[in-house]
Number of protein chains: 2
Amino acid sequence: MNKININFIAKLRTSGLRPTKQRLKICDILFNREKTFHFSINDLTKILEIEHNEKISLATVYNTVHAFKKKGYLKEIHIGNEMSYFDTNTSSHHHFYDEQTKELTDISSNEVEIKKIPSPPSGKKIDGAEVIFKISKKI
Amino acid sequence: MNKININFIAKLRTSGLRPTKQRLKICDILFNREKTFHFSINDLTKILEIEHNEKISLATVYNTVHAFKKKGYLKEIHIGNEMSYFDTNTSSHHHFYDEQTKELTDISSNEVEIKKIPSPPSGKKIDGAEVIFKISKKI
DNA sequence: ATATAGTTTAGAATTATTATAAAGTATGAA
DNA sequence: TTCATACTTTATAATAATTCTAAACTATAT
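The notes below deal with the structure included here.

Definitions and limits used
- In this numbering scheme, every chain counts its residues from 1 along its sequence in written order.
- Key to labels: chains lettered from A, ligands numbered from 1, both in the order written.
- Note on the predicted model: pLDDT of at least 70 is required for a residue's local features to be given, and 80 or more for side-chain atom pairs to be given and counted; whole-chain, interface and lining totals, by contrast, use all residues.
- Water and hydrogen atoms play no part in the side-chain values, which are based on all heavy atoms of the structure.
- Each residue is tested against the molecule or strand, and it is near if at least one of its non-hydrogen atoms lies within 4 Å.
- Pairing of N or O atoms within 3.5 Å defines a polar contact, subject to two protein rules: one partner must be a possible hydrogen donor and the other a possible acceptor, and residues neighboring in sequence count only if both atoms are side-chain atoms.
- Helix numbers and strand numbers start at the N terminus; a helix is a DSSP run of H or I with at least 4 residues, a strand a run of E with at least 2.
- Note on residue categories: nonpolar means Ala, Val, Leu, Ile, Met, Phe, Trp, Tyr, Cys or Pro, charged means Asp, Glu, Lys or Arg, and polar means any other residue, Gly included.
- Axes here refer to lines fitted to C-alpha atoms; in helices the fit is confined to the stretch in contact. Angles between the N-to-C directions go from 0 to 180 degrees.
- Note on terminology: angles under 35 degrees are roughly parallel, angles over 145 are roughly antiparallel, angles of 65 to 115 are roughly perpendicular, and the others are oblique.
- Only heavy atoms enter the contact rule, under which two residues are in contact if any of them lie within 4.5 Å.
- Only strands joined by at least two bridges in the DSSP assignment are considered to pair.
- We define a salt bridge as a contact between a side-chain nitrogen of Lys or Arg and a carboxyl oxygen of Asp or Glu at a distance within 4 Å.

1. Focus on the protein's contact with DNA strand D
Around DNA strand D sit 20 residues, and of these A:Arg13, A:Tyr62, B:Thr20, B:Gln22 and B:Thr60 come closest. Protein-proximal atoms of DNA strand D, defined as those within 4 Å of the protein, fall in sugar or phosphate at a share of 73%. Contact distances for DNA strand D include 3.2 Å between a base nitrogen and a side-chain N or O atom of A:Arg18. When residues of the surface near DNA strand D are traced back to their parent elements, those giving at least two are α4 (58-70) of chain A together with α2 (21-31) and α4 (58-70) of chain B. At four residues, the largest contribution of residues to the surface near DNA strand D is made by α4(A). Taken together, the residues of the surface near DNA strand D sort by class into eight nonpolar, eight polar and four charged.

So this is what it looks like as structure tokens:
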């Protein structure tokens with residue numbers, strides 16, 4: 001039980017989530033990283049099983065990830081044709097998406113500037129913009 | 001068998017797709033429209049069954065839509081958390097996405113201008129950019 | 001300690017999509 | 001025309017991602 005885990009315990013408690021050992025383990029995997037992390041539920045389950053030798057029920061992995069998303073600790077991304085991806089970088093940012101490798105890379109918000117913004121449909125307001133730059137191998 | 005259908009027959013033939021009655025019916029629904037059309041396989045199946053009283057096998061609807069996509073007559077879009085959506089507007093363009101109603105609206109390419117473009121990862125080239133403007137009801 | 005509300009779990013259910021393999025059909029050649 | 005053949009359609013089964021369910025478990029406040 002290190003300092004980092006104590007922080008997670010506090011973080012979860014203030015969010016109204018009980019700091020169970022499953023949630024703490026998942027926190028450890030997701031948030032003890034230098035770089036932001038893009039993952040699917042399947043990725044996370046594999047990491048838990050193989051790298052950490054933890055057998056957390058699949059339903060719990062879903063529950064936890066969705067709880068973290070609801071609390072704003074994760075962001076859900078929908079790109080590509082497959083399943084849901086989650087991103088530990090919850091700030092507004094953009095992505096490179098490699099259609100060949102299906103790989104996602106973050107682009108920080110200040111690297112993109114949208115000059116001309118369309119006016120929203122009447123009665124609607126724009127909450128944000130996300131750009132996906134499709135990339136492929138240079139030939 | 002009107003003029004429009006004859007055009008579809010020619011179009012399909014030149015694509016190497018046989019103009020079957022199922023494909024022609026789907027062409028009629030998708031492409032005889034003023035505005036571009038965003039739909040899921042489920043939407044299209046419902047339209048076929050209810051509005052046109054056609055019972056085309058679900059597998060055929062999938063096959064046809066994917067064949068049309070491969071030929072470049074449809075574009076697949078991945079936004080929101082659900083299933084695949086297809087767009088009859090295959091030109092490069094952007095979207096408004098209403099997170100409350102899950103509704104998609106087209107934005108033509110010339111209404112958006114990206115000023116600052118990030119440099120792609122090494123060895124990769126940028127093929128295109130798509131912007132999703134998230135909108136919600138004005139309060 | 002203990003009651004209670006929040007959590008985890010295995011397994012079933014649901015939903016979207018793809019695969020299969022048999023029956024049907026468009027097409028070009030004879 | 002007729003016929004062979006390759007392409008299509010179809011119902012059904014299979015797969016895959018996700019959600020539901022209800023019973024067992026556990027953190028927490030009293």
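2. Description of the packing of helix α2 (residues 21-31) of chain A against helix α3 (residues 41-51) of chain A
Residue and element names in this part refer to chain A. Running from amino to carboxyl end, α2 crosses α3 at an angle of 110 degrees, the nearest separation of the two axes being 11 Å. Taken as axis vectors, α2 and α3 run roughly perpendicular relative to one another. When α2 is examined against α3, the residues Lys25, Ile26, Ile29 and Leu30 are found in contact with a partner set consisting of Leu44, Ile47 and Leu48. Across the contact of α2 with α3, the residue classes break down as six nonpolar, no polar and one charged.

3. Description of the sheet that holds strand β2 (residues 75-77) of chain A
Residue and element names in this part refer to chain A. Taken in spatial order, the three strands make up an open sheet running β1-β3-β2, and their pairing is antiparallel. Edge strands, defined here as strands with exactly one partner in the open sheet, are β1 (38-39) and β2. Relative to strand β3 (residues 85-87), β2 runs antiparallel, the two being bridged by three bridges. Within the sheet, the bridge partner assigned to Glu76 lies in β3 and is Phe86.

4. Here's the deal with the sheet that holds strand β1 (residues 38-39) of chain B
Judged by pairing direction, the sheet is antiparallel, and its three strands sit side by side in the order β1-β3-β2 (chain B) without closing on themselves. The open sheet has two edge strands, β1 and β2 (75-77) of chain B, and neither has a second partner.

5. Focus on the interface of chain B and chain A
Tallying the contact residues gives 36 residues for chain B and 36 residues for chain A. Our count for the contact surface shared by chain B and chain A stands at six salt bridges. Salt-bridge contacts for A:Glu113 lead to B:Lys115; the nearest nitrogen and oxygen are separated by 3.5 Å. At the boundary of chain B with chain A, the tally comes to 20 residue pairs in polar contact (both at pLDDT 80 or more). If you list the elements that add at least two residues to the side of chain B that touches chain A, you get β4 (94-98), β6 (113-116) and β7 (124-137) of chain B. Element by element, the count of residues in the side of chain B that touches chain A is highest for β7(B), at 14 residues. Residue classes in the side of chain B that touches chain A are distributed as 16 nonpolar, eight polar and twelve charged. In the sheet, strand β7 (residues 124-137) of chain A pairs with β7(B) via 13 bridges, with the strands oriented antiparallel. Bridging from a neighbouring strand, A:Phe133 pairs with B:Ala129 of β7(B).

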